[in-house]
Amino acid sequence: MRQLFSLIFLSLLSLSVSSVHPSSSSSDYHEQLVLRPLPLSALLASFNFRSNTTFSEFEARNFRLFPRSLAQILQHAGTRELHLRFSLGRWDAESWGARPWDGAREGGTGVELWAWLEADTDEEADHKWLILTNALSGLFCASLNFIDATRTTRPVMSFQPEGDHPNSTVTNMHLLYGVLPHEVVCTENLTPFLKLLPCKGKAGIATLLDGHKLFDASWQSMAIDIRPICPSGGECVLQIEQTIDMVLDIERSKRPRDNPIPRPPPGHELPCDTSKPYHSHDTCFPADYKANQDWSLSQVFGKTIKGTCPLMDPTNPPVCLQIPDSRTVYISDGVVEKKNPDRNSRCFDIPPTADFEMVVTPPSDDDAAQTSPGAVGVLQPETPLLYAERSFTGHGQERGGVQTILRNPSPDREVEFVYMETLPWFMRIYLHTMEARIAGHNAAHNASLIQQVSYRPALDRARGTQLEVRMRVPAASTVFLTYDFEKSILRYTEYPPDANRGFDVAAAVITILNSNADKDAAGGRSAVYTLRTTSLLCSLPTPDFSMPYNVIIFTSTAIALAFGGMFNIIVRRFVAADEGPEVGLGALTGRLKGRLNGLLERLRRRTGNK
Amino acid sequence: MDGGKVTLGRTAGLYIGAAVLRLAIFTLLPGLPDLLTGRVEISTPVTSFKRLQEGLFLYNHNVSPYDGGVYHQAPLFLPLFSLLPSFATYPIFTYLLYIAVDLLNARALWRIANSGEAGSSALFTSPRREKRWSGFVIAAVFLFNPFTVATCIGRSTSVFTTCAILHAIAKAVSGAPLGAMVALSFASYLSMYPLLLLPPLLLLCYDRQRPERAVKSSLAFASIHVSIVAGVLALLFQMSYLITGSWEFLPSTYGVQLTLSDLTPNVGLWWYFFIEMFDSFRSFFLAVFWLHLSCYVGGLSVRIRRQPLVVLTLLLGIIAIFKPYPSISDTSLFLAMVPLYRHVFPLMRYSFVIAAVIMYATFLGPAFYHLWIYAGSGNANFFYAITLVWGLGQSLLVCDLMFAVLRDEWEVERPEMVGKEIRQI
Amino acid sequence: MPTPNVAGFSTLRARAYLFRLPLFTRAVLAAIGLFWILGVQVWWDVRAWGALVPDKLGFATLYRLNTFPFIHLNVFHALMNALALTPLLERFESEYGTLTSLALFFGPLTTLPAFMYVAVEKWILRADTAVMGASMWVFVLLGMEAIRTYKANPYLVVGTHHIPTWTTPIALLLCVAALVPSSSFLGHLAGLLVGYICGLGYLKFLAPPERVLRWVEGKLNLLGRLPHYVSVDQKTYGRFGVLPSSGSPPPTSVALPLYPYPVPEHQAQPSRESFCEEHLGTAAGQDAKITSALQLRRDPRILKLPPYLSLLFVVVGAVWLFLLPLDQYSRRTYISENALLPGQVHTYFGGSDQNVFRAYKHEVNALAGKSNVEINNSLEPIVKGLGLKTARQNFTYHAAGRTYAGENLYAILQAPRGDATEAIVLVAAWENVKHELNRNGIPLALTLARYFKRWSLWSKDIILLLTPDSIAGPQAWVDAYHDAHDPSRVASLPLKSGLLQGAIAIDYAQEGRFESLHIVYDGVNGQLPNLDLINSVVSIARGQMGIDVALQEMWRHSDDYKDRLRTMLRGMLKQGLGLASGPHSSFIPYHVDAVTLRPFGEGWQDEMALGRVVEGSFRSLNNLLEHLHQSFFFYLLMHRERFVSIGTYLPSAMLVAANFTIMAIALWVKSGHSEGGGQATADSKTVTPANHAAERDLSLPLGVVTLCQVLSVIPLYLFNHVPESALTPLFITFALLNTLLPPVLSHLLATKTTFTLAQYDLVQCFSLLLLGMFLSSLATLNFSLALIIGLLAAPLSFVRPFSPSPTSGLKRIACAVLLNAVSPTAVLLAGALYWRLDVRSVLRDAAVAWHVTGTYSPVVVWCVWWPAWLAGQLIVLARPAPASASARRSNGAWAGDDGKVKGE
C-alpha cells in the first residue's frame, strides 16, 4: 500500500511540475439550474454543481471545495477517475426527445459505478475496487458493497476516460464497472449527496432539492463524476461534478402536499372539449392537453430559491429557463432576466440574498394553434440519435430470449454504437444464437450489422457475463438484436427471500460512437451520445423451499431400496421354499407366540386351581 | 449363423428402415429436433447438443469454451464437429453423422448377440440358451426403441459414448482385447463413468481371448490392459491439451460431473437432492453418492464372475439410474442390452409391473415438468416425484434381471429345482 | 375350453348374494338401517343417546357399549360401513354360526374395543370424543381375517421385500385415518388390536362352549324355525374347505353358502388347474409358509376379485364427487398471499369521471357497427390523448374453412418512477363471447385508464388492451407478447412491457345499471387462475362495494348442497371442454392469472361501482411483490366462498383411472394363467409350469392395439381440417363407419388369424393399460376431462368376449349395441341434443378452439378414448379360437423365431 501511495504521489508530482503557471482561477465553483418544460405537462429540471481543486492542494490535503470524505476515499483506493450514478424511472424518449447532457450524466435503474483504478495487476485492482465499493457504500448509504466479483465487469469498448491522463499512468489504469439494478434509490442517498456540496444545500439552487419532490419525479438521476482536467498551459486540476436531473409531472407536483390524492375534480373544473356535439353539463370529453402549462417554482418545488451560494463564481447565471420567448414569465423583483439570442431560452441573475420566485403563465391561444396538442408552448424536443427498447421473449422458466429493438430515426446518417450487456451468471446466454436483422429486409443486409464482439462468458458462481457488441444501424431503419439464454436453477440457499419475484437484470448501455472522428490515443472513439435501456426481471425456476429434509429422506430411501434389493439378491443363497430354517418376522412372531402361550397356560392353570 | 442372401436382404432392410425413419423425422418435422434438444430428459448439461453448438462457436472464434459455464464436453468434439460443414448451413451432415452412429451401435449389438456370449460364456452355459433372439431382433429392438430414436433426434452427444461402450463389448466378445481397451478408454474420455466398466470388461476379455495368443496369468493380463487404457487416456488428454492449449478442460469437463455444480434438472436422483442439500454437507454427500455408484462394480464382478457380460449389462443399468447427469439415452443403452437375456425372461417376476411403471413415468414426467416450468401451477416436487418413480422402476428391472440370471445359474447345480418355488436366505 | 363368461358385475348375482346373507348379518344391517331412519327424525336425538361418549359412560349408560356400532353420523357413513361390514360379517357368521356371532358381537368383540377406547381417550388423552358406527367391528373382523391370511401365506413379495400380510389392515387403518375426515383413529385401532388378539386365538375362551350352543339349538330347533340360520355344525367345515393349499377337492355344497359369489365352473377352472399344478409341481409337500407373489396369484379368490374391485373404484370415485359439496369435504376460501390486502384501500373512482365516461360512451356508440380498423382509427387518438403509448397488431386465423381476422389496439401506461419490469393488463373486448357489443365495457376501460394516469403509486405498468373479439384477439396478443406466435398469421408486437402479473377483463354489454357481478375464471384447457385472485375480487366486490358475486352462471345461489353441486358440476363441465370462456382465458396458459368481470341483473349498481371494483383489484395486484404463487391452482369452486382443493378431489379421478389399470393387471395375470394351464394340460413337460408369465404371444395383440391408436389420427385430422359446411355430413358418415368398423375388424381377426381368448385378454389388457395411463397423466393437467372420459369409458373395463355358444350371438349383439351407446360419436350427439346445439356448431367450435386457442380436448377424445372404445368393441365381438390351437400357434411362433435364428 505504502509504495503505492508514493507511486501516486510521484505521478501527481510529475504532473504538477509539468504545469508552468498555477492559475488559481481554476479552483472555483459553478452551479446552475436549467428548467425545460417538456410535452405532456412534464418539466425537466437539471441541477449541476462543479468545483475544481488543483492537484497540489489535493495532495496537500487542504480541501476547500472538494469534499474531504470523498477525497480521502479516492486517495486510499488509488482512484484516478470515478463515475457514480443513482437513477430511478425511465426517460420517455418518444415524447421527451433527446436526453439531457446527451445521456452522459445518467445511469440505468439502480446504482451504477465505474472507475479507473491505478494498479499493477488485476488482483491489486480487484482489491482496490473492493476497498472503494465498501467505502462508498458507507458514504452514500447505498448497498454498493454488494458489487462483488459476480457483478463486476471490465468493459473494453464502452467506456473511455473523460479526464486527461498522462500516458505514464494510462498504461496501468484498470477500468472496473459494477451495477446494482435492484437498488432502490431514495432520500437516504440524497442527503449525503447534498452534504458533498460546498453550501450543503443551505443556499443557492440546492435549496430546491428535497426528497419528496425528487423521488416523486417520473425520472431522476443523480450523478457524481470525478476526473482530472489538464487545461492547456494550466495546472492540472481534479474536477468533481455533481448532477441531478429530474422530470417532474407538473400536474402531480402542483398538488398540495397535505392532500396528494388525485380525487376527480368537480365537474365544472374539468377542462372539456366543448366542440363535441354531445357536450353538456354531465357529459364532458376531456381536453387534458390544455391543462398544466402554467406553473411556478414554489408550486412545483414547494419552495423558492434562497439566494445564491456565496462561493459560486458570479459570472454565470444560476438559473436558466428554456422556453420560447413568446411565453411571458413573471419573476420576483431584483432578479435580472437575460434572454438568449436564440429566442428559446432565458437566464436569470439572482442577488446573493434575495429569494427567487418565477411564475410561468399559460400559453396564449395562437401558440396552441401553431403547435401540436400536448406540446403547446414548449420547445419542440430534438429527436435522439437512436431509440432502444429491450424486452424478454419466450415464456416459462426454462429458457428465454432477449430482444432489443434499435431504431435509427435520422433519415440520412447511419449510427454506429457499442451495445453492452452485463448479465448475472445464472442467465446462460448462447452466443451462437445472437443475430441482428433489419426489419423488413432479407438476410443479405444483416451480415454487416455486427462489426465487433467482445465476449466474456459467465462462470458459475464466479463471474457474470460481459457482452459488448459494436454494431451499426443504417439510416431510417429498425434493427432487431436477439439472443437466447437458459435459466439455471440455483441451490435453495442462493435464492433471495422473494424468490418468486424474479431477478433484476441490469440495463444495457448503448454508447454511440463519434462517426467522423478517427481513433484517439486511448484506442477507443469518443462517445457522442449514451443511452440505457430499461432493466428486466428474469424469473428463475424455484425449488420447494420447505423440502430439504423430505428430499433427503425420499432420495435416500429410494437409493436404499435399490441398493438393498440388489444386495439381498447378491449375498443371499437360493434354497427351495420348503428348505432351510425359518427366518424373518415369521420366526419372531412364532417365538413370541410360544412365550404368550406359555404365559396364558400358566394363567389358565391358576384360574383352574381357583 | 452363416449369412445367406435373405439375411443380408433383411439386414439391409432393417438398417435402411431405421435410417429412413430418422431422416424422415429430421426433414419432415423440422421443429422437432430442437424441441427434443431442449428436453431435460434427453440432453443434460454434459451431453446437450445446443451447448456443443455454443462451445463450437466459441472455439471457432478463439474464445476458450472452457472459460465459461456452458460447455462441459470433451475437447475432441470441437475439431470433430468443426470438420463437418457448419450446422447452421448444412444440418444434413450432422444428421447423417448421428444416424451413422446409431447404425454402428446396432451393428455392434448384432455382433454381441450372435456371439452367444449371453447364453453360454466361457465358464457357464445356461440350460435355457436355446430360447434366444437373433441379432436381427435385438438390433431392431434397439433401433426402433423410442428412447433411442428420441436420443438420436435430440442429437445428444451421449450416443458417441454409447457407441464406444458397445464396440468395446463387441471387441471383447470377439476376442480382441486391445480394441476393447481402446474403445473403452475412448468412452471414458468422452464421459468418465465408463471407467467403472473396466473390471468386468477385463474379465470378459480374459475369458474370450483367442487360444493361440492367450495370456494365461490373469494378473499379467490385467496389468497389461490397464496400462493400455491408461496410455490411451494419457494420449487423448495430451491431444486435448494441444487442441485447447490449456488444462482447464479437465475441471470443466470432469469436475462438473464430480461436483455437480450445474444443477439443471434431469431424470436422475442427484439434481434435486443437491439443490435442497445444506451447504455444509454438500461435499460429503457428493462423496457418498460417487462411492455408492462405484461400489456395485466389485460385488457384481465377484458374484457373477462366470458371466461378465451380465455384469456389464447390470452395471449399465445401475449407472443409468445413479449417475450424476443421466438421460434416457443411458436407459436406451441398458434396454438395448436386456433382450440379450431372452432366455431368462421366463424367470423374471415383475416384467409387467416394470413395463407399466416405466411407461407411466414416461408419460407423467413431461406432464409434471410442464406443470412446474410452464403452467406454473405445480412445483418442483411433482417432477422430482416422477424421477423417483423412474429410478425405482429401472432398479426393479435391474434387480429382476439379476435374480433371473442368478436363479438360472443356480438351477444348473440344482436341476430338480426347475420350476419350484424358491426363496433366498 | 372357456365357456360363457361375463365377469362383469351382474345385478342377478348381487341379488343372489344378498338373498343368501345369513341371519345375524341381516339383523345387524337391519339394525343399522333402522337406527339411521330413527336418526332422521328430529325430536329424539338418537346419536346423542347411543353414541359412545367416554364421559357419559356410567353404570346406567352401559348400553352405549352395545348401541354405538349401530348408530351413524349420516347416510354416507352408514352406507360405507354397511358396505364394508357385510362380506366380513357374513364370512364370520357362516364360519362360526349365528349364535356364536350373536354372543361374541354383543359381548367381547364390541365391549373390549369400546373399553379400550374409553380408557385411552379418557384417562390417557383426557379427551372426550364421541364415537359411533360399525367401523370398529369392521376393523375387528379385518384384524381376524388378516391373521388368518397371515397363517395361510405370511408374506406379500414386492420387489425383493417381504411384507407380512398381517400388516395390510394397518395400512387400511392409516388410509382411512388420512382420507376420511372425522374418523376416529383411536377407535379403529382398538378394534384392530382386539381383532388381532382374537385372530391369534387368545379370546377362544370367551366364546360360548360348543355343547351349550348345540343344546340350545336342539331345544329350540332354531335351524328349523329361523330362515338363513347358520348352525353350529355348518362351521365344522370352515371355508378353508376350498382353499387349494389343503389338497382336498372343494366340496361344492359348501362352496355355495360360503363363497361371496357363486362360482361358475369356468372360473373355478383356473383354480382347479393351479391347484392340480401344485400337485405335480410341489409334490415335496406344500407348506403353508410358501411366500411368493405367484402363490397369491394362484389363489382363485384373488383372480376373481379385480372386476369387483375396479367396479368399487368406479362407484367410489363417482360417489366421492357427490360428497365434495358437503361441509366436511369443502373448505372456506381464504387469501394466502398477504401482499394483496384486498379492499384495504379507499377507491376514488367516480364523481366527474362519470361525465367523462358518458362522453366516451357517446364516442363508442357512434362507432357501433363500423369496421375494426375504423374503430381503432378513432379510438387510438383518444387513448393517445391520455398520454399512453399506443400500438396495433394484426392477426388472422383460419379454422373450419373460415377466417378470423382483426386488429388489436393496445396502450401502455408507463408506471411513474417505475421501470418496465412488470405489468398488469386491463382487457376490454369490442364484443363479448356472445357477440354482443361491449357498450359499457369499452368506455369504462378508457375512463379507468384516464383515471389511473393521475395516480403516481403504480409500481407496475398498466396495459390497456382493446380487442375486436373475445377469443382470437386476446389469444393473438398474448401469444405475440410471449413470442409464441406464428409470424405468418399473427404480427409481432411493436411495443412491450415487463412480465405480466395479472389481467382483468371487463365484459359489460348490458344496458343500464346492474345488480351483481359474475366472475368468469375458466382458462383454456381447464387451467385455472390462482385462487387468490378470485378471492380478492370477491372480497373487494362484496366486502367493500356490497356487490354480490356469482360463479358459473348460477344467478341465484342459496348456499345449499344442491346449488353447490350444480356450480361444481358446471365448473367441471367447462373445465373438461377446455374452451375459452372469455377474453381472460388466453392469458392463463402463460401463467398470467386473469378473470373476466361480467355484471348482470337489474339493480342499482352503476358503471362507477364496477369501475371501483376494478380499481380495487388493480390496487391489490399493484401491491404484489412476487408473482402469485401462494394459493391454489387446482381447485373446484362450488360457491363464491367454498372450494375443494386438489388433495380432496383428485382421488376420484385417480380411482376411476386406476380401475382400468387394475383390470389390465388382472387380465395380464389371467391370460398367463389360462394359457399356461392349457399348455400344462397339453404337454406339461416342455413348459416350466412355475411361470406362465413368459409364454404369452404378445405380437398380435400389440399389433391390434397399435392399429387402433394409429387409426385414431384419421378422425382427429378430418374433424379439424374440413370446412364448416362439410362437418355435418362428415360426422354422419363417420358415425356410420364407427358402428361398422368393429364388426368388420373382428370378422377379419376371426377369419384371418387364430386369436385365442388369452390374446383377446391381452388386447383388452394393453388398451386398458394405455387408457389408464393417459387418464392418470391427464388428471393432473385437466382433472375434469380425465374424470368425464374415465366415467364414459368405464364400461370398457367390464366387457368380456363371449365364447361360441347358441345363446351368445344375441348377447353379443345386445352388448355391442349397449357399447355403441357410449361411443364418442353417440355421446357427442347426445350432448348436442341435450344442450339443444346442432352438431355442426359444436364441431366448428371444437375446430376453432383447436386452431386458435390450442385446445387439446379433441386429441383426448379421438386419440385416447376412441381407440380404447374400438378395442372394447372388438373384445365384445370377439370369436376366440380354441386354446389348443393357441398352444400350437404360439409354439409355431417360437418355431418361427428359431427359424429366424437358424436363418442367420
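Located above this text is the structure these notes cover.
Residues numbered from 1 in each chain as written. Chains lettered and ligands numbered in written order. Predicted model: local features only at pLDDT ≥ 70, side-chain atom pairs only at ≥ 80, totals over all residues. Heavy atoms only, no water.

Draft legend 1. View of the overall build of chain C. Counting its secondary structure elements, chain C contains 34 helices and 13 strands. The buried share among the 904 residues of chain C stands at 58%. For chain C, restricting intrachain contacts to residue pairs at least 6 apart in sequence, the fraction spanning at least 24 positions comes to 80%. (Helix = DSSP H or I, 4+ residues; strand = E, 2+ residues; numbered from the N terminus. Buried < 20%, exposed > 50% of the residue type's maximum accessible area, 1.4 Å probe, protein only. Contact = heavy atoms within 4.5 Å.)

Draft legend 2. Quick look at the overall build of chain B. Within chain B, the secondary structure is distributed over 18 helices and one strand. Expected size for 425 residues packed as a compact globule is a radius of gyration near 22 Å; at 22 Å, chain B falls within 12% of this value. Along the first, second and third principal axes, the C-alpha atoms of chain B reach 65 × 50 × 50 Å. Counting across all 425 residues of chain B, residues that qualify as buried make up 62%. Across chain B, the centroid of the 29 positively charged side chains sits 8 Å from that of the 22 negatively charged ones. (Rg over C-alpha atoms; globule rule 2.2 N^0.38 Å. Lys, Arg positive; Asp, Glu negative; His and termini not counted. Charge placed at Lys NZ, Arg CZ, Asp CG, Glu CD.)

Draft legend 3. Structural view of the packing of helix H10 (residues 198–208) of chain B against helix H11 (residues 218–244) of chain B. All names here are of chain B. As a packed pair, H10 and H11 sit with axes 10 Å apart at the nearest point and diverge in direction by 125°. With respect to their mutual orientation, H10 and H11 come out oblique. Relative to H11, the crossing made by H10 is right-handed. Facing Leu198, Leu202, Cys205 and Tyr206 of H10, the residues of H11 in contact are Ser218, Phe221, Ala222, His225, Val226 and Val229. (Axes fitted to C-alpha atoms, helices over the stretch in contact; angles between N-to-C directions. Parallel < 35°, antiparallel > 145°, perpendicular 65-115°, else oblique. Left-handed = near helix turned anticlockwise from the far one by under 90°.)

Draft legend 4. Inspection of the sheet that holds strand E23 (residues 477–487) of chain A at higher detail. All names here are of chain A. Read from one edge of the open sheet, four strands run E17-E18-E23-E20, paired in antiparallel fashion. Two strands bound the open sheet, and with one partner strand each, they are strand E17 (387–393) and strand E20 (427–438). The sheet shows a mean angle of 15° between the axes of neighbouring strands, direction not considered. Direction of pairing for E20 relative to E23: antiparallel, over a ladder of eight bridges. Considered in E23, the bridge of alanine 436 is made with leucine 481. (Pairing = 2+ DSSP bridges.)

Draft legend 5. Spotlight on unusual backbone geometry. Phi angles above zero are rare outside glycine, and Asp102(A) is one such case at about 55°. Turning to its location among the elements, Asp102(A) is positioned in the loop between helix H4 (93–96) and strand E4 (110–118). Its identity is not glycine, yet Asn62(B) carries a phi of approximately 60°, on the positive side. Positionally, Asn62(B) belongs in the loop between helix H3 (49–60) and helix H4 (77–83). On the basis of relative accessibility, which here comes to 72%, the residue Asn62(B) falls in the exposed class.

Draft legend 6. Summary view of the interface of chain B and chain A. Facing the 61 residues of chain B at the interface are 58 residues of chain A. Taken together, both faces of the contact between chain B and chain A bury some 5700 Å²; the carbon and sulfur share is 64%. Summed over the three residues of chain B that lose the most area to chain A, namely Arg423(B), Gln424(B) and Ile425(B), the buried surface amounts to 14% of that side. Our count for the chain B to chain A interface comes out at four salt bridges. Residues Asp262(B) and Arg428(A) are paired through a salt bridge, measuring 3.3 Å at the closest nitrogen-oxygen approach. Counting every contact that joins chain B to chain A gives 21 residue pairs in polar contact (both at pLDDT 80 or more). Those elements that provide at least two residues to the side of chain B that touches chain A are H3, helix H13 (270–275), helix H14 (279–303), helix H15 (308–322), helix H17 (351–375), helix H18 (380–413) and strand E1 (422–424) of chain B. Broken down by element, the residue count for the side of chain B that touches chain A peaks at 13 residues, all from H18(B). (Buried area = accessible area lost by both parts, 1.4 Å probe. Salt bridge = Lys/Arg side-chain N within 4 Å of Asp/Glu carboxyl O. Polar contact = N/O pair within 3.5 Å; in protein donor to acceptor, adjacent residues only side chain to side chain.)

Draft legend 7. Spotlight on the environment of Tyr177(A). Residues and elements named next belong to chain A. By the secondary structure assignment, tyrosine 177 is in strand E6 (residues 173–180). In this structure, the C-alpha to C-alpha distance between tyrosine 177 and asparagine 550, residues 373 residues apart in sequence, is 42 Å. Of the polar contacts made by the side chain of tyrosine 177, one reaches the side chain of glutamate 112; its length is 3.0 Å.

Draft legend 8. Broad picture of the pattern of salt bridges. Applying the stated criterion across every chain yields a total of 79 salt bridges over all chains. The salt bridge involving Asp330(B) is made with Lys323(B); its shortest N-O contact spans 3.1 Å. Grouping residues by exposure puts Asp330(B) and Lys323(B) together as buried. With a shortest N-O distance of 3.2 Å, Asp486(C) and Arg489(C) are connected by a salt bridge. What makes Arg489(C) partly exposed here is its relative accessible area of 30%. Overlapping salt bridges bring together Glu398(A), Arg399(A), Arg428(A), Asp460(A), Glu486(A), Arg51(B) and Asp262(B) as one network.

Draft legend 9. Structural context of the sheet that holds strand E12 (residues 329–331) of chain A. All names here are of chain A. Strand order in the open sheet formed by three strands is E9-E16-E12, and the pairing between neighbours is antiparallel. Strands at the two margins of the open sheet, each flanked by one partner only, are strand E9 (295–296) and E12. As defined by bridge partners, E9 adjoins strand E16 (residues 358–360) across two bridges and the pair is classed as antiparallel. Paired with serine 296 across the strands is valine 359, a residue of E16.

Draft legend 10. Structural detail: the state of the cysteines. All names here are of chain A. One pass over the full model with this rule turns up four disulfides over all chains. The disulfide that involves cysteine 230 links it to cysteine 236, with 1.7 Å between the sulfurs. Across the S-S bond linking cysteine 230 and cysteine 236, the dihedral sits near 110°, which makes this disulfide right-handed. Given a relative accessible area of 26%, cysteine 230 falls into the partly exposed group. Disulfide pairing places cysteine 272 opposite cysteine 284 at an S-S distance of 2.0 Å. Around the S-S axis, the bridge from cysteine 272 to cysteine 284 shows a dihedral of about -110° and counts as left-handed. Of the two residues, cysteine 272 is situated in the loop between helix H9 (250–253) and E9 and cysteine 284 in the loop between H9 and E9; the sequence distance between them amounts to twelve residues. Take cysteine 272: its relative accessible area is 22%, and that puts it in the partly exposed class. (Disulfide = S-S within 2.5 Å.)

Draft legend 11. Examining the nonpolar core more closely. The biggest cluster of nonpolar side chains holds 288 residues, and the ones touching the most others in it are Phe417(A), Ile169(B), Leu201(B), Phe274(B), Leu300(B), Leu309(B) and Met402(B). Broken down by element, this core gets its largest block of residues, 16 residues, from H18(B). Not counting the four nearest positions on each side in its chain, Ile169(B) is found in contact with Ile112(B), Leu201(B), Leu204(B), Leu309(B), Leu312(B) and Met337(B). Ranked by size, the runner-up nonpolar core spans 78 residues in total, among them Leu65(A), Cys236(A), Ile250(A) and Val360(A). (Core = buried A, V, L, I, M, F, W, Y, C linked by side-chain atoms within 4.5 Å.)

Draft legend 12. Region of interest: H15(B). An ideal rise of 1.5 Å per residue puts 21 Å on 15 residues; H15(B) measures up with 21 Å between its terminal C-alpha atoms. H15(B) sits mainly inside the fold: 15 of its 15 residues count as buried. (Expected span 1.5 Å × (residues − 1).)

Draft legend 13. Representation of the packing of aromatic side chains. Applying the stated rule across the entire model yields 92 aromatic pairs over all chains. Pairing Phe452(C) with Trp458(C) gives two aromatic rings, centres 4.9 Å apart and planes at 75°, and the pair type is edge-to-face. When sorted by exposure, Phe452(C) lands in the same class as Trp458(C), which is buried. Measuring from centroid to centroid gives 5.9 Å for Phe734(C) and Trp866(C), while their planes differ by 45°, and the two rings are tilted. With Phe734(C) in helix H27 (residues 727–752) and Trp866(C) in helix H33 (residues 857–876), the pair connects residues that are 132 residues apart, well separated along the chain. With relative accessibility at 12%, the residue Phe734(C) sits in the buried group. By relative accessible area, Trp866(C) is classed as buried at 3%. An aromatic cluster of at least three residues, connected via ring pairs, comprises Phe26(B), Phe49(B), Phe77(B), Phe81(B), Phe87(B), Tyr95(B), Tyr98(B) and Phe160(B). Between Arg437(A) and the ring centre of Phe480(A), over which it is positioned, the NZ or CZ distance is 4.6 Å. Residue placement shows Arg349(B) over the ring face of Phe403(B); its charged tip is 3.7 Å from the ring centre. (Phe/Tyr/Trp six-rings, centres within 6.5 Å; stacked < 30°, edge-to-face > 60°. Lys NZ or Arg CZ within 6 Å of the ring centre and 35° of its normal.)

Draft legend 14. Quick look at the environment of Ala108(B). All names here are of chain B. Locating alanine 108 in the fold gives a position in helix H5 (residues 91–114). Taking relative accessible area as the criterion, alanine 108 reaches 0% and is therefore assigned buried. Along the sequence, alanine 108 and cysteine 163 sit 55 residues apart, while their C-alpha atoms lie 8.2 Å from each other. Leaving out residues up to four positions away in the same chain, alanine 108 has contacts with Leu166, His167 and Ala170.

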